[in-house]
Amino acid sequence: MSDKKGRNLELYFMIGVLVVLLGSAAANYVEIAANPGSIPTENAIPPAGSYVVRVFATQWAWSFEYPNNTTSVGSLTVPVDTNVSLVVTSIAGAQQSAVIHDLLIPQMDIQIYAVPGQNNTVTFEPTVVGSYYFECVEYCGEYHYEMRGYMEVVSR
Amino acid sequence: MSDYVTTLTIYGGIAAVFAIVIFAVYNLLSTRKDIVSEMASKEGYDSDNQFIRDSLLTKPRELTLSIFLNDDAKSIGLRYIVTSILFFFIGGAFGLTMRLSLTGPNLTFLTGDEYNVLISQHAVLMIYMWAVGSALGFGYYLLPSHLKVYRDIRGLFSSIGYWLWLLGGFLVLLAQSSPRWYFYPPLSLQLNPNGGGLYDWLAVLGIEIVLVGLMITCITILLIVMRDRSPEVKRDQFSLFTWSIIFTALMILVSAPPLMVGFTMLFYDFFNPVFFTASSGSVLLFTILFWFWGHPVVYVAIIPYFGLIYEIIPKFTGQKIFSYKSGVFGLGLLLILSEVVWGHHLFNSGLGFAWVLFFSTTSFLVVIPSAVTVFNYIATLWSSDKIRLTTPMLFVINGIVDFIIGGVIGVMQSAYPVNADVHGTYFVTGHFHFIFLGITTGISFAAFYMLFPTISGGRTYNVPLARLHFYFTAVGSLIMSSSWIVGGALGMPRATAGYFSFFLPYQLGSILGGFIVGIGQIFFLWNMAASWLKSPSVDNQNLLESPNPIVTVVPKGEME
Ligand code: HEM
Ligand SMILES: [Cu+2]
Ligand SMILES: [Cu+2]
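Residues numbered from 1 in each chain as written. Chains lettered and ligands numbered in written order. Predicted model: local features only at pLDDT ≥ 70, side-chain atom pairs only at ≥ 80, totals over all residues. Heavy atoms only, no water.

A. Looking closely at the overall build of chain B. For chain B, the helix and strand inventory stands at 17 helices and zero strands. For 560 residues, the compact-globule estimate of 2.2 N^0.38 gives 24 Å, and the C-alpha radius of gyration of chain B, at 24 Å, lies within 12% of that figure. Counting over 560 residues, chain B shows a buried share of 61%. Here the contacts in chain B between residues at least 6 apart in sequence split such that 81% fall between residues at least 24 apart. Surface accessibility of chain B: about 21,100 Å² in total, with carbon and sulfur atoms responsible for 71%. In chain B, the 27 positive side-chain charges and the 28 negative ones have mean positions that sit 8 Å from each other. (Helix = DSSP H or I, 4+ residues; strand = E, 2+ residues; numbered from the N terminus. Rg over C-alpha atoms; globule rule 2.2 N^0.38 Å. Buried < 20%, exposed > 50% of the residue type's maximum accessible area, 1.4 Å probe, protein only. Contact = heavy atoms within 4.5 Å. Areas by Shrake-Rupley, 256 points an atom, 1.4 Å probe, with all protein chains shown as cover. Lys, Arg positive; Asp, Glu negative; His and termini not counted. Charge placed at Lys NZ, Arg CZ, Asp CG, Glu CD.)

Right under this line is the structure:
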């Protein structure tokens, strides 16, 4: 290929790449700006009227505390068609000190770190009744892989 | 009484044999030293080492035990190359053991704790000892020739750098800790098998020593480039590989110090936890220090290898690189941008909207230099009349393809909505294994095969075995990483010793792929053993150091 032809080709290729990248960056911005509550944020106040679940990660279990002060361990129950806010932190368990965990609910596109000494908040709205799996995806020691379970979305 | 005598005899015997061996080695070394000293003083040298370095300057170096005694640049290079391959096999064995233990959704033959030790060691060894070591090895080996250095005076520092790196690697192995390669406190401060491991402090010390070694090494390499090169090699004549090593050294020098400070504070925390604890409210600070280094260090696994690809392609296509300027620009920009994307490893940690937006945008930008580089390769290949599909060239082409796949996946997970789904899953594992196996590992072997005639003193490798090595590595890694990508997209968590049983198919796919890769490496060992046993048949030049292709050093069957 001639030098000039090659240069032009490189230019067009780079313009193409830039367009794709800027497009992706813009789409990313639009998505997250439309729904900033889906990004875990430290000390964020849950939106008014949302169903707030306090989540405590320990080595090695998830426990959940509901608005009516009941609790559950290893499984989570939330109402459908409601804004659900998880306020997540990590507390000491069998190992005497609290470590970082990370709660992932893949089918809800929700993921949030449990950081010792910090309250992270995330908000989402389940729209279909059913059973969804969740798991810990930040390595947290020996029984990390057992920190998994199901979230039940139930009708109101 | 007789028990006592037996014990004494056995241990006494062992001690005696040990002493004899030590004495023999000492005797050998001191005889060698006498001979060298005599030769050196005849030539008017004060320093024996300097005499050796001068007499070896830029000459082809063979792989013999003397590389551990001589400290000329090429010996240091070979030290890194062989040591890093050794660690590649150790790390690989750990990886295969993990794969095997995942054949069922519940624990099989490993306890969770053992699995966690393996995963921590696998990552640390592959990154610090394989990717970094192999890059430094080819750097030390090739730079003196590429720069036509007129003197070799930095052997002492190079050697110190090497031994520190090796010592650090051994300490990590010895520590058998399980903090994963992140070492996130407070987990890594839990000095028991369920947390970071009993001797986790030793692993922290080990990595710190590796980093000190790397600092010394990178400064030395930059000094070699600036001070020791032949005046006739002007800056715009540097090989692209030279540039890639310069950028890598700069990147390490800029990025390692924050983590070295972080590790020092972490080490203090072992005795008196004050820095990274919940009560001091700064647990996340360590993760930031870590990724400020953690992201650039994974680029050590790419930039030098991009440089090697630039050297390899012209040898088998007879075509000059499409654009030298774009080449330098791409590698340099990669270095700069690599410093500003580290937050993409912490999207979900609570940093919130502004941080996520900033780091996902910079992560998109990092693709620009990668695209420039890949375009440069493809344009060169495109415009060449004939591509000789030798084993090294096959590794290169496969590496480019794997990089494109891995890169596209990297862009995808830089978008927050995707990242929230896949962070912490095998999706990420798939992303970087495409690159680590395709580029880091593949290109290391490509370069190793090209150096083979020189380091084996005029032997050629066996082509069919090398082909098998290539195909098994390429196909196995494709199967393994694709299975991870699919499983990860469904939320299959990484770094777990057990899993939901519905993930079984993806685990089995990756186990199959992993074992194919493993078998491929056996062909490599077999090839090395078989080829080294043959007698020398070609001259000891190699394609990577010579400006022109020399046909005689390419094994029969590799050309045409
Ligand atoms: C093409 C540009 C690239 C982009 C946009 C990119 C993007 C990303 C992102 C966003 C993550 C975080 C994933 C997560 O944990 O949520 C990641 C992880 C990772 N990337 Fe890349 N990446 C690129 C190239 C590379 C290259 C060249 C390497 C070198 C081998 C690499 C190695 C890694 C590794 C090792 C991890 C995982 C670290 C860990 O959590 O253990 N990436 N990448
Ligand atoms: Cu966990
Ligand atoms: Cu990164």
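B. Representation of helix α9 (residues 303–317) of chain B within the structure. Residues and elements named next belong to chain B. With 15 residues, α9 extends 22 Å between its outermost C-alpha atoms, agreeing within 8% with the 21 Å of an ideal straight helix rising 1.5 Å per residue. Judged by how many residues are buried, α9 sits mostly within the fold: 14 of 15 residues are covered. Among the residues trailing α9, Gly318 stands out with phi positive, at a value near 70°. (Expected span 1.5 Å × (residues − 1).)

C. Spotlight on the coordination of the iron atom of ligand 1. Residue and element names in this part refer to chain B. There is one protein donor for the iron atom of ligand 1, namely His431 (NE2), at 2.1 Å. The metal-metal distance between the iron atom of ligand 1 and the copper ion (ligand 3) is 4.6 Å. Looking at the element boundaries, His431 is found in helix α15 (residues 426–455). (Donors = N, O, S within 2.8 Å, 3.2 Å for Na, K, Ca; no water.)

D. Local environment of the sheet that holds strand β9 (residues 120–124) of chain A. All names here are of chain A. A sheet is described by the order of its strands in space; here six strands give the open sequence β1-β9-β6-β2-β3-β4, paired in mixed fashion. Unpaired on one side and paired on the other, β1 (41–42) and β4 (71–73) mark the two borders of the sheet. Of the strand pairs in this sheet, strand β2 (residues 51–58) and strand β3 (residues 61–65) are connected by five bridges, and their pairing is antiparallel. Within β3, the position partnered with Arg54 by the bridge is Glu65. (Pairing = 2+ DSSP bridges.)

E. Just the nonpolar core, in detail. In this structure, Tyr128 and Trp181 of chain B are the most contacted members of the largest nonpolar core, which totals 147 residues. Considering every element that reaches this core, the biggest residue donor is helix α4 (residues 112–146) of chain B, with 17 residues. Excluding residues within four positions of it along the chain, Trp181 of chain B makes contact with Ala123, Val124, Ile127, Tyr128, Phe290, Trp291, Gly294, Val297 and Val298 of chain B. Formed by 31 residues, the second largest nonpolar core is a distinct cluster that contains Tyr66, Leu76, Val122 and Tyr132 of chain A. (Core = buried A, V, L, I, M, F, W, Y, C linked by side-chain atoms within 4.5 Å.)

F. The interface of chain B and chain A, seen in detail. Between chain B and chain A, the residue contacts involve 70 residues of the former and 58 residues of the latter. Each partner contributes to the roughly 4,900 Å² buried at the junction of chain B and chain A, and carbon and sulfur atoms together form 63% of this total. Counting across the interface, chain B meets chain A through one salt bridge. In this structure, the salt-bridge partner of Arg180 of chain B is Glu138 of chain A, at a minimum N-O distance of 4.0 Å. (Buried area = accessible area lost by both parts, 1.4 Å probe. Salt bridge = Lys/Arg side-chain N within 4 Å of Asp/Glu carboxyl O.)

G. Up close: the packing of aromatic side chains. Going through the model one piece at a time under the given rule, you end up with 66 aromatic pairs over all chains. Their ring planes at 75° and their centres at 4.9 Å tell us that Tyr162 of chain B and Trp163 of chain B sit as a pair that is edge-to-face. Above the face of the Phe500 of chain B ring, Arg148 of chain A is positioned so that its terminal group lies 5.0 Å from the ring centre. (Phe/Tyr/Trp six-rings, centres within 6.5 Å; stacked < 30°, edge-to-face > 60°. Lys NZ or Arg CZ within 6 Å of the ring centre and 35° of its normal.)

H. Highlighting the coordination of the copper ion (ligand 2). All names here are of chain A. Here the copper ion (ligand 2) is held by Cys136 (SG), Glu138 (O), Cys140 (SG) and His144 (ND1), and the distances to it run 2.0 to 2.6 Å. The exposure class assigned to Glu138 is buried, which follows from its relative accessible area of 3%. His144 sits in the buried class, given a relative accessible area of 2%.

I. The arrangement of a nonpolar patch on the surface in detail. Together, Val17, Val21, Val25, Leu29 and Leu69 of chain B make up a nonpolar patch on the protein surface, roughly 400 Å² of accessible area in all. The residue Val17 of chain B is located in helix α1 (residues 2–42) in this model. (Patch = residues over 30% accessible without salt bridge, like charges linked within 9 Å, V, L, I, M, F, W, Y side chains within 5 Å.)

J. The arrangement of the pairing of strand β10 (residues 130–136) of chain A in detail. All names here are of chain A. The buried fraction of β10 amounts to five of the seven residues, a majority that puts the element mostly inside the structure. With two bridges connecting them, strand β7 (residues 101–105) and β10 associate as antiparallel partners. Residue pairing in the sheet places Leu103 in a bridge with Cys136 of β10. Bridge count between β10 and strand β11 (residues 148–154): six bridges; the pairing is antiparallel. Considered in β11, the bridge of Phe134 is made with Gly149.

K. Broad picture of the environment of Thr111 of chain B. Residues and elements named next belong to chain B. Among the secondary structure elements, Thr111 is positioned in the loop between α3 (73–101) and α4. Among the residues examined, Thr111 registers a relative accessible area of 36% and is labelled partly exposed. As a C-alpha pair, Thr111 and Gly213 span 102 residues in sequence and 34 Å in three-dimensional space.

L. Summary view of the domain arrangement of chain A. For chain A, the assigned domains read domain 1 (3–34) and domain 2 (37–154). Distance between the C-alpha centres of domain 1 of chain A and domain 2 of chain A: 37 Å. (Domains from an automatic or database assignment.)

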